[in-house]
Every structure is written in C-alpha cells, then in structure tokens.
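This is what each chain is made of:
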Amino acid sequence: MASSNTVTEKGDESCKMLRRVRGRKVVLIGIGFSLLATFVLSKMLGMHVGLSSHRRDFRPSINTLNAKIIANVKTFPRNSLNESEAGAAVELQEERRGNLKSACVKAKKAGKRFDNRGRPLFYNDDYNFMYCAIPKVAATSWKRVLLVLQGETDSIDNLFHKEVQHRYRYPTTRGLTYEEQKLRFSMYKTFLFVREPFHRILSAYRDKFEPQTQKPFKRYAAYILKANGKPITTQSLNLVTFAEFVQYLIHPVTTYTSMDMHWKPMHVLCDVCNIDYHFVGKFETLQEDASNFLRLVKASDVVSFPNYENDAHVTNSSSSDIYNKYYSTVPHNSLVRLYKKYELDFLLFGYPIPDILATVERS
C-alpha cells in the first residue's frame, strides 16, 4: 500500500514537472514570437520612413508663423497688385472679383444657400498664399509649381502626372487648427483658377471615360448606365457615351454632394461665396494669369508656370472642333437642363451662355 502511494506521489511530481516544462516552453515561444514581431515591425517602420523621407512637417508653431507672416507682410502688403508688377491685371482682377461678389449677393437674395463645404485649400508659408485646386483646370500644373515653391524639387521638368498626384504631400488647411486657418485667411492671398463649365465637363468625360472607363470610375459608369436605363455589363461599363454622361449629370438623383470632384460645380468645390478670393484666374488666359499671380507673390524668379499645351495629359476639350463634335450628340433639351444645373458657375465667373444654347434665358 505504501509502495502504491509512493508511486502515485512520484507520478504526481512528474506531472507537475511536465506542466512546468510545458509552461516554460509556452512562455519562451511567446517571447520568441514577440521578439520576431517587434523585429519585423521595426523593419517595416524603417522601410516606411525610408520611403517617406521626402515628406516634411509643413506646420510651424503658431508663434513662429506669426513672426514670419508679419515680416513678410511688411515687405509685401496684403492687397497690393500694383500696375508696375501686373499692369492691366489690376483692372481685370477688380472686374472678376466684383462680378463674383455681386453674383454671390444676388444668388443669396434669391434664396441660394452656400453651406461652407468647400474642399481644403493648399497653402504655402514661404510665399503667403492659399490655393483652391479645381480638377480639370490645370490643377496638376499648379501642383508642379507648388512642389518647387515648397522645396521638394528644383524644377518642374520631368515631373510626371501620376508622380505629381500621388507621390508627394501638399500641406492643406485640413491639417490646421481653426486658429491656424484663421490666421492664414486673414493674411495670405487666396486664389483659384476656373474654366468655362461646358468645356470642363467635356474634359472630365474624355479624361475619365475614354478610350475606356478608368478603374476608379467604374462605379460612376454604373450610375451613368442606370440613369440611362442601360444594362450594366463588363463591356457596357467601358462604352459610356458623352450623351449618356450628360443625362447622368442632369438626372434628379445626381446631386452636387454625390458628384465626383472632376465634374462637381466649381463654386461648390471652392466655396466662393464664403471665401474672399484675392485672385481669380481663368483657364482661357492661363499662362498670362498664372504669370501675373506668381509675380504678385514674388515667386516669378523662382519658378515659371508650365506650358500647359505640352502636357501629355491634356484632353484639348476647349478646341471648337472637339467641343462641337461631342455636344452635337446631346439633345437640345438636355443641354438646357445641363446649363441650368451649372448656371451658377457661368454667372459667378462671368461666362456667357454657350452659343449652342443662345436661346436660354438666365435666372
């Protein structure tokens, strides 16, 4: 009996030892996995830092920014766009800004609401400006200029479209506190460039849906086909016509909120009736206006605006032959409805009713 108890006790001790050994193994294995995970993570972080080494912290402290702005403003008054630097641009800007302000007042009196939902603005603390980029209005060309002015590159040459759009970081007001935004809006020059609305719409279509629909815009192709009562197939998603695109734009279900930024109205994107823009450039006088603005912020000796006509990404949608070719496929009543949907862009930025709609009455 004693012998049996002894055997049992030894068995119990053996089990305890075995459990302890197994426990130690589990702990050691756990530690090993933790060390391995830490090593892998550190490598991944190291790689990430390496890939992102060209990105910088663009936001100085508020005190540093205050001192910097005051120093710059002393040498360059906020509202100075003098005749010696910009010549006839003074009168032109007064006309454009005056038209914009009066059209905003008229629209508000007519009951139009502007809800402060514009997109974030790019800013530059060295040259004291803020820029609202509108897709299909030379926005990529302006980004090339921004890269030079923020010290990312010495030249606009050999900066490819995809690289400009996706590789670099551009400081925007989204990353600023309310006080930081308020300070810049009170001291910096704000500007935007606009384009004749029908030309911009055509440019968006040709860029995103020809010769076939770009992958990120497949879902919009599906919306377009649905708005036209067409079946949605792999083939039809790549065969969206311009007339079908227009039909989608004028469809009641297509609101400004649901629109992609490439065809969303310009006044919505840049919140022009709530932000006081000091400079309104136009695509139709792009090179001249861009040069005048760079002189205005004393950056013309640092960078020149790219020759837009040499950009391989250009759709030539402002060409009269191309314009007429596409818009001739759209029924007249659809063109009238399209104008009405984008009418504020025409009114605010001083564009006349298109010749193809000479019979339309403005609001």
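Before reading on, note that the structure itself is shown above.
Below: a short report on this structure. Just so you know, these numbers come straight off a predicted model, no measurement behind them. (Residues numbered from 1 in each chain as written. Predicted model: local features only at pLDDT ≥ 70, side-chain atom pairs only at ≥ 80, totals over all residues. Heavy atoms only, no water.)

So, on to the overall build of the protein chain. Scanning the protein chain from terminus to terminus reveals 15 helices and 4 strands. When contacts within the protein chain are restricted to residue pairs at least 6 apart in sequence, long-range pairs at least 24 apart make up 72% of them. Within the structure as shown, the protein chain displays about 20300 Å² of accessible surface, and the carbon and sulfur contribution to it stands at 56%. (Helix = DSSP H or I, 4+ residues; strand = E, 2+ residues; numbered from the N terminus. Contact = heavy atoms within 4.5 Å. Areas by Shrake-Rupley, 256 points an atom, 1.4 Å probe, with all protein chains shown as cover.)

According to the stated counting rule, one finds 34 aromatic pairs in the structure shown. Aromatic side chains Tyr 323 and Tyr 327 sit 4.7 Å apart centroid to centroid with 40° between the ring planes, which places their arrangement in the tilted category. Linking Tyr 323 with Tyr 327, this pair stays in helix H13 (residues 320–327), spanning 4 residues, or about one helical turn. Here Tyr 323 matches Tyr 327 in class, with each residue buried. On the numbers, 4.9 Å between centres and 45° between planes, the contact of Tyr 339 with Phe 346 is tilted. Between the NZ or CZ atom of Arg 184 and the centre of the ring of Tyr 123, over which it lies, the distance is 4.5 Å. In this arrangement the basic side chain of Arg 195 is found over the ring face of Phe 283, its NZ or CZ atom lying 3.9 Å from the centre. (Phe/Tyr/Trp six-rings, centres within 6.5 Å; stacked < 30°, edge-to-face > 60°. Buried < 20%, exposed > 50% of the residue type's maximum accessible area, 1.4 Å probe, protein only. Lys NZ or Arg CZ within 6 Å of the ring centre and 35° of its normal.)

Moving on, we come to the packing of helix H10 (residues 242–250) against helix H14 (residues 332–341). Interaxial distance between H10 and H14 falls to 9 Å at its minimum, and their mutual angle equals 50°. Classified by the angle their axes make, H10 and H14 are oblique. The handedness of the crossing between H10 and H14 comes out as left-handed. When H10 is examined against H14, the residues Val 246, Gln 247, Leu 249 and Ile 250 are found in contact with a partner set consisting of Ser 334, Arg 337, Leu 338 and Lys 341. (Axes fitted to C-alpha atoms, helices over the stretch in contact; angles between N-to-C directions. Parallel < 35°, antiparallel > 145°, perpendicular 65-115°, else oblique. Left-handed = near helix turned anticlockwise from the far one by under 90°.)

Strand order in the open sheet formed by 4 strands is S1-S2-S3-S4, and the pairing between neighbours is mixed. Among the strands making up the open sheet, the edge pair consists of strand S1 (122–124) and strand S4 (279–282). Direction aside, neighbouring strands of the sheet carry axes that sit 20° apart on average. Across the sheet, helix H5 (residues 139–149) lies against S1, strand S2 (129–132) and strand S3 (189–194), angled at about 155° from S2, the strand it touches most. (Pairing = 2+ DSSP bridges.)

We now examine the pairing of S4. Here S4 shows two buried faces, one formed by Phe 279 and Gly 281 and the other by Val 280 and Lys 282. Sheet topology places S3 next to S4; 4 bridges connect them, and they run parallel. If you follow Val 194 over to S4, its bridge partner there is Lys 282.

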